[in-house]
Amino acid sequence: MTASPELGTPQLASPDLLRSVFRQHAAGVAVITAQGENPVGFTATSLNSVAAEPPLISFGVGASSSSWPVISRAEHIGVHILGEHQRDLAATFARSGADRFAPPTSWRTGPEGVPVLDGVLAWLVCRIINRVPAGDHRIVIAEAVVGDPAGAGRPLLYHQGRFNSLRE
């Protein structure tokens, strides 16, 4: 490897390098939910639109996460796009060991029995069609079944390890 004044000093690929690079990437914030014996959910910044026809999404989930056992068996999941007013909700669903569905979290049982969070910018209920092993994570691919894009507000972003607001 040779240094380039325009690019800095290249580093060999490692988990730390990947984390450092992606701290520079601003991402939208979503919460993924599923219903097992109890509801589960987690904050995700890996949500992607995969295809419009059929309407497919994907996201990554750690294979060691507390939500994975339920998601690994679930037929349907909820996808919630968070607004900038929901930093606390994002932090709650990102925190290990938190009772994520206890007050002040406001939610209801939605279509297909999936937990649907109140006050989000948009939500979908999706049918899982594939789970793909990817290192220490699983990539879940799901088809949208029903949803609502009509929430009000601006999106919550994740950048440099913090939840942020969109600036113009």
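Just above, that's the structure.
Remember, it's a predicted structure, so these values are computed and weren't measured experimentally.

Conventions adopted
Residues numbered from 1 in each chain as written. Predicted model: local features only at pLDDT ≥ 70, side-chain atom pairs only at ≥ 80, totals over all residues. Heavy atoms only, no water. Helix = DSSP H or I, 4+ residues; strand = E, 2+ residues; numbered from the N terminus. Rg over C-alpha atoms; globule rule 2.2 N^0.38 Å. Buried < 20%, exposed > 50% of the residue type's maximum accessible area, 1.4 Å probe, protein only. Contact = heavy atoms within 4.5 Å. Areas by Shrake-Rupley, 256 points an atom, 1.4 Å probe, with all protein chains shown as cover. Core = buried A, V, L, I, M, F, W, Y, C linked by side-chain atoms within 4.5 Å. Arc of directions from axis to C-beta. Patch = residues over 30% accessible without salt bridge, like charges linked within 9 Å, V, L, I, M, F, W, Y side chains within 5 Å. Salt bridge = Lys/Arg side-chain N within 4 Å of Asp/Glu carboxyl O.

Draft legend 1. The arrangement of the overall build of the protein in detail. Scanning the protein for helices and strands turns up 3 helices and 12 strands. Over its C-alpha trace the protein gives a radius of gyration of 17 Å, about what one expects of a compact globule, namely 15 Å for 168 residues. For the protein, the spread of C-alpha atoms along the three principal axes comes to 55 × 35 × 35 Å. Among the 168 residues that make up the protein, the fraction classed as buried is 33%. In the protein, the share of contacts with a sequence separation of at least 24, taken over all contacts with a separation of at least 6, comes to 61%. When the accessible surface of the protein is totalled, it reaches about 9,800 Å², and 54% of it is carbon and sulfur.

Draft legend 2. Structural view of the nonpolar core. Counting residues in each nonpolar core, the largest one holds 18 residues, and the members touching the most others are I32, F59, I71 and I77. Counting only elements with at least two residues in this core, the list comes to strand 2 (30-35), strand 3 (39-44), strand 5 (56-62), helix 2 (68-71), strand 6 (76-81), strand 9 (122-134) and strand 10 (137-148). What F59 contacts, discounting residues up to four positions off in sequence, is I32, F42, S46, L47, I77, R138, I139 and V140.

Draft legend 3. Region of the structure containing the environment of G36. If you trace the backbone, G36 turns up in the loop between strand 2 and strand 3. Its relative accessible area of 28% is what places G36 among the partly exposed residues. Sequence-wise, G36 and P55 are 19 residues apart; in three dimensions their C-alpha atoms are separated by 25 Å.

Draft legend 4. Focus on helix 3 (residues 87-94). Looking only at helix 3, the buried set comprises L89, A90, T92 and F93. Down the axis of helix 3, the sector holding all buried residues measures 160 degrees, keeping them to one side. Exposed residues pointing more than 90 degrees away from the buried face of helix 3 are listed as D88 and A94. As for helix 3, its buried residues are in contact with strand 2, strand 3, strand 8 (115-117), strand 11 (156-159) and strand 12 (162-165).

Draft legend 5. Local environment of a nonpolar patch on the surface. A contiguous nonpolar patch, built from L18, V21 and F22 and spanning about 300 Å² of accessible area, is present on the exposed surface. Along the chain, the position of V21 falls in helix 1 (residues 15-23). Looking at V21, the relative accessible area reads 45%, which means it is partly exposed.

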